Amino acid sequence: MENLLFINACVRGERSRTLRLARRFLDAYQARHPDTVITERNLCAERLQPQYPEVLEERDELWNAGRLDQPMFDPARQFAAADRIVIAAPFWDLCFPAILKIYLERISVTNITFGYDEQGAMVGLCRASKLLLITTRGGNYAGTELEMGTPLLKALCVMYGIPQFVCLDAEGLDDVRNDKAAILADAERRADALAEEF
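Throughout what follows, the structure given in this document is the object of discussion. (Residues numbered from 1 in each chain as written. Predicted model: local features only at pLDDT ≥ 70, side-chain atom pairs only at ≥ 80, totals over all residues. Heavy atoms only, no water.)

## Here we look at the pairing of strand S7 (residues 164-170)
- Counting buried positions over the seven residues of S7 gives five, a clear majority of the element.
- Here strand S6 (residues 130-136) runs beside S7; their pairing, made up of seven bridges, is parallel. Bridged to Leu-133 within S7 is Cys-167.
- The β-α-β motif built from S6, the intervening helix H6 (residues 149-160) and the parallel element S7 has right-handed crossover chirality. (Buried < 20%, exposed > 50% of the residue type's maximum accessible area, 1.4 Å probe, protein only. Helix = DSSP H or I, 4+ residues; strand = E, 2+ residues; numbered from the N terminus. Pairing = 2+ DSSP bridges. Right-handed = clockwise from strand over helix to strand, strands pointing away.)

## Points about the packing of aromatic side chains
- This model, assessed by the stated rule, comprises seven aromatic pairs.
- When the centroid spacing of 6.4 Å and the interplanar angle of 65° are considered together, the rings of Phe-79 and Tyr-103 count as edge-to-face. A residue pair is termed long-range when its members are at least 10 positions apart, and Phe-79 in helix H4 (residues 74-81) and Tyr-103 in helix H5 (residues 98-107) qualify at 24 residues.
- For Phe-79, a relative accessible area of 0% translates into the label buried.
- Pairwise contacts between aromatic rings join Phe-25, Tyr-29 and Phe-198 into one cluster.
- Lying over the aromatic face of Phe-198, Arg-84 brings its terminal NZ or CZ to 5.9 Å of the ring centre.
- Over the ring of Phe-91 we find Arg-137; its NZ or CZ atom is 5.7 Å from the centre of that ring. (Phe/Tyr/Trp six-rings, centres within 6.5 Å; stacked < 30°, edge-to-face > 60°. Lys NZ or Arg CZ within 6 Å of the ring centre and 35° of its normal.)

## Topic: the nonpolar core
- Ranked by size, the top nonpolar core spans 36 residues in total, and within it Phe-79, Ile-85 and Leu-100 carry the most contacts.
- Mapped by element, the contributors of at least two residues to this core are strand S1 (3-8), helix H3 (53-64), H4, strand S3 (84-88), H5, S6 and H6.
- Here this core gets five residues from one element, more than from any other, and that element is H6.
- Setting aside residues up to four positions removed in sequence, Leu-100 forms contacts with Ile-7, Ala-9, Leu-43, Ile-87 and Ala-89.
- Among the nonpolar cores identified, the runner-up in size contains 25 residues, and Cys-10, Leu-19, Leu-21 and Ala-195 belong to it. (Core = buried A, V, L, I, M, F, W, Y, C linked by side-chain atoms within 4.5 Å. Contact = heavy atoms within 4.5 Å.)

Rendered as structure tokens:
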């Protein structure tokens, strides 16, 4: 039985276009892989604290004491154990919402999601073979210097040892010249096709 971790960083909740696209993909994936267990982490509901000084102090004390089984490290352990990972996050301020950045900082834990070999080289410790980013953008940014979320997540996949990064996007949704319904319908068709191979 496979475990798919769905990280929901859609701050508009059920009104989110990104979440609508993610739900379409997850429904199609579940239909094709009925034995897969899908676990959702709703980052808006969780409200993880940023790495404030007191949070880092607690984290450092626990880590230095070898207490990686503490609840503070639950998100990192869950992420490291997932077989597949799907992140739904809208394109915000050239990247993605701050709640996702906070989550990524909280799961980046040495000896859980990544580590170092005897020569000091970084090695990924995550089990997932694939990470999918599902996003929607108001303009057309894919592949430009203005789109910084995808390169960051690709780099983190290398750090975590996740060999394949995939992005499913819908762009131009805030451009009044575009047919938004047609753009989303096309993205949903791509979501259905991706569910076959992801």
